[in-house]
Amino acid sequence: MHNTRELLPGIHWVGGNDRRLDRFENLFPLTNGVAYNAYVILDERTALIDTVDNAISELFMENVKQVLGGRPLDYLVINHMEPDHCGNIVNIIREFPNVTLIGNTKTFQFFEQFYGVDIQGKTLLVKDQDRLSLGQRTLKFYSAAMVHWPEVMMTYDEDDKILFSADAFGTFGAHSGGLFADETDYLNDYLAETRRYFANIIGKFGPQVQALMKKLSQDEIDIIAPLHGPVYRKDDLGYIVNKYELWSTYRPEVNSVLIVYATMYNNTTFAAEVLASQLAQRGIKGIKLMDVNQLDVSYLIAEVWKYAHVVIATPTYNADIAVKMHTFLHDLVALNVQNRSVSLITNLTWAGKPAEIVWGYLEKLKNITLVGETVTLKSTVKPDNEAPLIALAEAIVSHLSRT
Ligand code: FEO
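Just so it is clear, the structure is predicted and the values come from calculations on it, not from any experiment.

Relative to the helices and strands, Ser-165 is located in the loop between strand S15 (162-164) and helix H5 (186-189). Non-local contacts of Ser-165, meaning those with residues more than four positions away in its chain, are made with Met-154, Ile-224, Ala-225 and Pro-226.

Here it is in structure tokens:
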């Protein structure tokens, strides 16, 4: 049984969901699965925009055949050669032996590396801003290198004004009936996961996203159709493009404070709570506390993209700091986090230099401002820690009021 949707006359979604997948890339936890989008264009010639992960091959092939209704498939546009999207190219070639594969040099290099299937004579090599007529419609191909892999392209349907945007504008989370963002409870069900997807998958490549958005500004876009999650149109377009402007330039969404802490016996947690209370009493709204040992690091990273100020609170552990705090700090560096203010709280019982270890990571980041004096606890929060915590809250509030 197929399950497809018409986006516009002649443009059909032929993707599907994997609700049983626990971890995207075997790494990022999923609580509501993931959607793999692919699209068929019916014109004088037919085109398929990307395929899907091999977890949903059977449904996908049925969807494509149902939409084609017995017509041959003329083109397969390969915007992205990561296996969650290219997992059915070989099936498509088997089903439609006369199909022409559209990609760039790296696309076909990666195809050879992953599949080793002979596609000689079946390919059409395209460069940035090349065009292809399907009859009534013209497709324009944009190189989008490193949004997320080096071969990534986006495809713009000049007549329907649809941008098939590959991973960009994608999210974790399966479709629950609604395909368009305006058919979902987007703010509750998708926004946080769209941010987590961006920060962890694409966040490192902000300059490439910016370059691409500049290039795309010459085109009028009515619909953004990514490879994962909801399709954007109407008012949602401006909303998501604005988020991408902020995220890709490493500008925070809220002028508030994220406190990322490690703790063994809740003593460092208590310091985080005292600081949070002092901040709230001074007018900071929406403060968030997150425990590195309880949460997957991808959730912490997502919130770093949202918040202007990050407090890092950690005890020593084995004369070092908490292992998962290392993971968090490592990811801040790996994902190119920039333009944040930070403060530190450390806790040691007998020995260690936690502030130096934390700062060893932070000093690798661009445009990071250390705010306030580091608060140093000895095992527990004591009355003489109150004044330094209040002073830190005042320094943070003062700093945020100026940014
Ligand atoms: Fe959804 Fe970069 O793959």
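After that view, the rundown keeps rolling.
Here we take up the sheet that holds S15. If you trace the six strands from one edge of the open sheet to the other, you get S12-S13-S14-S15-S16-S17, paired in mixed fashion. Among the strands making up the open sheet, the edge pair consists of strand S12 (131-133) and strand S17 (232-233). Helix H7 (residues 206-216) contacts strand S13 (138-143), strand S14 (153-157) and S15 of the sheet and is inclined by roughly 150° relative to S13.

As a further point, take the pattern of salt bridges. Under the defined criterion, the tally for this structure stands at 18 salt bridges. A salt bridge links Glu-394 to Arg-282, with the shortest nitrogen-to-oxygen separation between them at 3.5 Å. In this pair, Glu-394 is assigned in helix H13 (residues 383-401) and Arg-282 in the loop between helix H9 (267-281) and strand S19 (288-291), connecting sequence segments 112 residues apart. With a relative accessible area of 31%, Arg-282 lands in the partly exposed category. Put simply, Arg-5, Asp-182, Glu-183 and Arg-233 are held in one network by salt bridges that share partners.

So, on to the pairing of strand S18 (residues 254-261). Of all eight residues in S18, six are buried, a share of seventy percent or more. In terms of strand pairing, S18 meets strand S20 (residues 307-317) through six bridges, oriented parallel. Paired with Tyr-261 across the two strands is Ala-313, which belongs to S20. Pairing of S18 with S19, which is carried by four bridges, proceeds in the parallel orientation. From the neighbouring strand, Tyr-261 faces S19, where its bridge partner is Asp-291. Considered for its hand, the β-α-β crossover made up of S18, H9 and S19 is right-handed.

At Asp-50, a position not held by glycine, the phi torsion is positive, near 70°. Along the chain, Asp-50 turns up in the loop between strand S8 (46-49) and helix H1 (57-68). Given a relative accessible area of 2%, Asp-50 falls into the buried group.

Another aspect to go through is H13. Residues separated by three or four positions in an α-helix point in the same direction, a consequence of the helix having 3.6 residues per turn. Compared with an ideal rise of 1.5 Å per residue, which puts 19 residues at 27 Å, H13 spans 28 Å between its outermost C-alpha atoms and is within 8% of the ideal. Every buried residue of H13 is accounted for by Asn-385, Leu-389, Leu-392, Ala-393, Ile-396, Val-397, His-399 and Leu-400. Down the axis of H13, the sector holding all buried residues measures 160°, keeping them to one side. Among the exposed residues of H13, those pointing more than 90 degrees away from its buried face are Asp-384, Ala-387 and Ser-401. Buried positions along H13 lie against S18, H9, S20, strand S22 (338-347), strand S23 (366-370) and strand S24 (375-377).

The subject of this paragraph is H1. Between its first and last C-alpha atoms H1 spans 17 Å; for twelve residues at 1.5 Å apiece the expected length is 16 Å, and the two agree. Those residues of H1 that sit buried are Ser-57, Phe-60, Met-61, Asn-63, Val-64, Val-67 and Leu-68. Each buried residue of H1 lies within a common arc of 160° when the element is viewed along its axis, so the set occupies one face. With its phi angle positive at about 55°, Gly-69 sits one or two positions after the end of H1.

On to the sheet that holds strand S9 (residues 75-77). Strand order in the open sheet formed by seven strands is S1-S2-S7-S8-S9-S10-S11, with mixed pairing between adjacent strands. Since the sheet does not close on itself, it has two edges, and those belong to strand S1 (5-8) and strand S11 (123-125), each with one partner. Taken pair by pair, the neighbouring strands of this sheet meet at an average axis angle of 25°, ignoring direction. Sheet topology places strand S2 (residues 11-13) next to strand S7 (residues 39-42); three bridges connect them, and they run antiparallel. For His-12, the partnering residue across the bridge sits in S7 and is Val-40. Each of S2, S7 and S8 is contacted by H1, which is oriented at about 15° to S7, the strand it contacts most.

At a minimum axis separation of 9 Å, H9 and H13 run at an interaxial angle of 50°. By the angle between their directions, the pair H9 and H13 is classed as oblique. Where H9 crosses over H13, the two elements pack in a sense that is right-handed. Contacts between H9 and H13 involve Ala-271, Val-274, Leu-275, Gln-278 and Leu-279 on the former and, on the latter, Leu-389, Ile-390, Leu-392, Ala-393, Ile-396 and Val-397. Each residue belonging to the contact of H9 with H13 can be placed in one class, and the counts come to ten nonpolar, one polar and no charged.

Considering all chains together, one arrives at 17 aromatic pairs under this definition. Note on Tyr-244 and Trp-247: the rings are 5.7 Å apart at their centroids and 55° apart in plane angle, and the pair reads as tilted. Here Trp-247 and Tyr-244 lie together in helix H8 (residues 235-248), a separation of three residues that amounts to about one turn. Across this residue pair, the class does not change: Tyr-244 and Trp-247 are buried. Put simply, the rings of Phe-110, Phe-111, Phe-114, Tyr-115 and Trp-149 touch in pairs and so form one group of aromatic residues.

Procedures and definitions
Residues numbered from 1 in each chain as written. Predicted model: local features only at pLDDT ≥ 70, side-chain atom pairs only at ≥ 80, totals over all residues. Heavy atoms only, no water. Helix = DSSP H or I, 4+ residues; strand = E, 2+ residues; numbered from the N terminus. Contact = heavy atoms within 4.5 Å. Pairing = 2+ DSSP bridges. Axes fitted to C-alpha atoms, helices over the stretch in contact; angles between N-to-C directions. Salt bridge = Lys/Arg side-chain N within 4 Å of Asp/Glu carboxyl O. Buried < 20%, exposed > 50% of the residue type's maximum accessible area, 1.4 Å probe, protein only. Right-handed = clockwise from strand over helix to strand, strands pointing away. Expected span 1.5 Å × (residues − 1). Arc of directions from axis to C-beta. Parallel < 35°, antiparallel > 145°, perpendicular 65-115°, else oblique. Left-handed = near helix turned anticlockwise from the far one by under 90°. Nonpolar A, V, L, I, M, F, W, Y, C, P; charged D, E, K, R; others polar. Phe/Tyr/Trp six-rings, centres within 6.5 Å; stacked < 30°, edge-to-face > 60°.

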